[in-house]
Amino acid sequence: MIALPASARAFRVFQAMWVIGFLVGTTTHTADLIIGGVNAYSGFPLGVRLFWVALTILDPATAVLIICRRRSGVVLGSAVIIADIAVNWTVFAVVGGLSYFGVISQSLFALLIVVTARTLWKWFGQSSSRRGADMNKVA
């Protein structure tokens, strides 16, 4: 097995952390819907319920894009987590019903996203240009 340079290992760790985080979100919202059905979020406003249901699609879509090293995954993931913490902190403060642990851990994940987004953006861009260069060599 070939050893990766430290920077490549760091990129892969960031990538893995993004994927794991968004798959945790996927699992959480999917479990809520399996257990609670259409009434899973019935104690919350309609817009919040629709947003949380939409995360069952947006979270895994982000994970797949990040696995495939697509810059669109960085954009989608950043938008999703920022919207999600805004919604969840608002619900936590105004409506209640969310755990302090949940909003804090999610906020820490958002911090990770914000801190590593630029790094992944650059790395994913390098991989695209390399793929294009490799394709030109083949042609």
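The structure under discussion appears in the preceding block.
As the structure is a prediction and not an experimental result, all values here were calculated from the model.

A. Inspection of the nonpolar core at higher detail. If you look at the biggest cluster of nonpolar residues, it comprises 25 residues, and the most contacted ones within it are Trp-18, Phe-22, Trp-52, Val-74 and Ile-81. At the level of secondary structure, the elements contributing two or more residues to this core comprise helix 1 (6–36), helix 2 (46–67), helix 3 (71–94) and helix 4 (100–138). When residues of this core are assigned to their parent elements, the largest contribution, 8 residues, is made by helix 4. With residues up to four places along the chain from it excluded, the contact list for Trp-52 reads His-29, Tyr-41, Phe-44, Asp-84, Val-87, Asn-88, Val-91 and Leu-98.

B. Molecular detail of helix 2. Along its 22 residues, helix 2 runs 32 Å from first to last C-alpha, staying within 8% of the 32 Å computed at 1.5 Å per residue. The axis of helix 2 is deflected most strongly, by about 35 degrees, at Leu-55. Among all positions of helix 2, only Val-48, Phe-51, Trp-52, Leu-55, Thr-56, Asp-59, Thr-62, Ala-63 and Ile-66 are buried.

C. Geometry of the packing of helix 2 against helix 3. Relative to each other, helix 2 and helix 3 sit at 150 degrees, their axes nearing to 9 Å. By the angle between their directions, the pair helix 2 and helix 3 is classed as roughly antiparallel. Both helix 2 and helix 3 take part in a crossing whose hand is left-handed. Of the residues in helix 3, those in contact with Val-48, Phe-51, Trp-52, Leu-55, Leu-58, Asp-59, Ala-61, Thr-62, Leu-65 and Ile-66 of helix 2 are Ser-72, Gly-73, Val-74, Leu-76, Gly-77, Val-80, Ala-83, Asp-84, Val-87, Asn-88 and Val-91. Here the contact of helix 2 with helix 3 is built from residues that sort into 14 nonpolar, 5 polar and 2 charged.

Reading the values: rules and limits
Residues numbered from 1 in each chain as written. Predicted model: local features only at pLDDT ≥ 70, side-chain atom pairs only at ≥ 80, totals over all residues. Heavy atoms only, no water. Core = buried A, V, L, I, M, F, W, Y, C linked by side-chain atoms within 4.5 Å. Buried < 20%, exposed > 50% of the residue type's maximum accessible area, 1.4 Å probe, protein only. Helix = DSSP H or I, 4+ residues; strand = E, 2+ residues; numbered from the N terminus. Contact = heavy atoms within 4.5 Å. Expected span 1.5 Å × (residues − 1). Bend = angle between axes of the 7 residues up to and from the residue. Axes fitted to C-alpha atoms, helices over the stretch in contact; angles between N-to-C directions. Parallel < 35°, antiparallel > 145°, perpendicular 65-115°, else oblique. Left-handed = near helix turned anticlockwise from the far one by under 90°. Nonpolar A, V, L, I, M, F, W, Y, C, P; charged D, E, K, R; others polar.

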